[in-house]
Each structure stands twice: as structure tokens, then as C-alpha cells.
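Chain by chain, the residues:
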Amino acid sequence: MTIGEGTDDEAGLGEREQALLAVERRSWPGPGAKERAVRERLGLSPTRYYQLLNALLDDPRALAHDPVTVNRLRRVREEKQRRREG
């Protein structure tokens, strides 16, 4: 399944997209726990997970679905970009 597949509503997020955001909403107990969950629950490598998540942050459907999580992740991403640039 790719992003966009498996959605009942063409304007909404697919199951995988919703699952990506659900992982980010959770609090994780320690190092490696989130990566383990990504592999076990989503069947993705951590690298692929973060590639999909990064693309999802620019999708207006994601913002409409979970504005708190998406805006938080956008702020984190922007801060990391600022640190790399300056």
C-alpha cells in the first residue's frame, strides 16, 4: 500500500497515512521503542517511515486530519533545518 491507497474518502487520508500520524501522537518510553513499533506495526524501515512522514507533513489533508501533531512536527522540522543552515 502506498500513501493515498486504502482510503474510502478520496479527500481524506489513507490508513497508512493515519497510522503514521498515530505513531507520532504517542509518547515512547525509550530509545528504539518507536522504531520497533514502526517495523512491527507498519512493516516499514525507520528510514522509509521518516521519508513518508516528511512528505505527509506537507499534505493539507494531514493538517486537516491532525493539526496539533502536524504543526508540532513542522516546527521540529523547521528548527532542525535552521540549525543545519546556521
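Residues numbered from 1 in each chain as written. Predicted model: local features only at pLDDT ≥ 70, side-chain atom pairs only at ≥ 80, totals over all residues. Heavy atoms only, no water.

1. Examining helix α2 (residues 33-42)
- When α2 is considered as a whole, its buried residues turn out to be Ala33, Lys34, Ala37, Val38 and Leu42. Down the axis of α2, the buried set is contained in an arc of 135°. They therefore lie on one face. Residues Arg39 and Glu40 are exposed on α2 and point more than 90 degrees away from its buried face.
- Turning to α2, the residues buried within the fold contact α1 (15-25) and α3 (46-56).
- Of the residues trailing α2, Gly43 is marked for its positive phi of about 70°. (Buried < 20%, exposed > 50% of the residue type's maximum accessible area, 1.4 Å probe, protein only. Helix = DSSP H or I, 4+ residues; strand = E, 2+ residues; numbered from the N terminus. Arc of directions from axis to C-beta. Contact = heavy atoms within 4.5 Å.)

2. Section: the pattern of salt bridges
- As enumerated under the stated definition, the model contains 7 salt bridges in all.
- With its nearest N and O atoms 2.9 Å apart, the salt bridge here joins Glu24 to Lys34. One end of the pair, Glu24, is in helix α1; the other, Lys34, is in helix α2, with 10 residues separating them in the sequence. Pair check on accessibility: Glu24 and Lys34 agree, each one buried.
- Between Glu79 and Arg83 there is a salt bridge; the shortest N-O distance is 3.5 Å. In this pair, Glu79 and Arg83 are both assigned in helix α5 (residues 67-85), 4 residues apart and thus about one turn of the helix distant.
- On the basis of relative accessible area, Arg83 is assigned to the exposed category, the value being 57%.
- Each of Glu17, Asp59 and Arg61 takes part in a single network of salt bridges with overlapping partners. (Salt bridge = Lys/Arg side-chain N within 4 Å of Asp/Glu carboxyl O.)

3. Here we look at α5
- If you check α5, its first and last C-alpha atoms are 27 Å apart, about what 19 residues at 1.5 Å a residue would give, namely 27 Å.
- Burial in α5 covers these residues: Thr69, Val70, Leu73 and Arg77. End-on view of α5: buried residues confined to an arc of 95°, all on one side of the axis. For α5, the exposed residues lying more than 90 degrees away from the buried face are Val68, Arg75 and Arg83.
- Next to the buried residues of α5 lie α1, α3 and α4 (60-65). (Expected span 1.5 Å × (residues − 1).)

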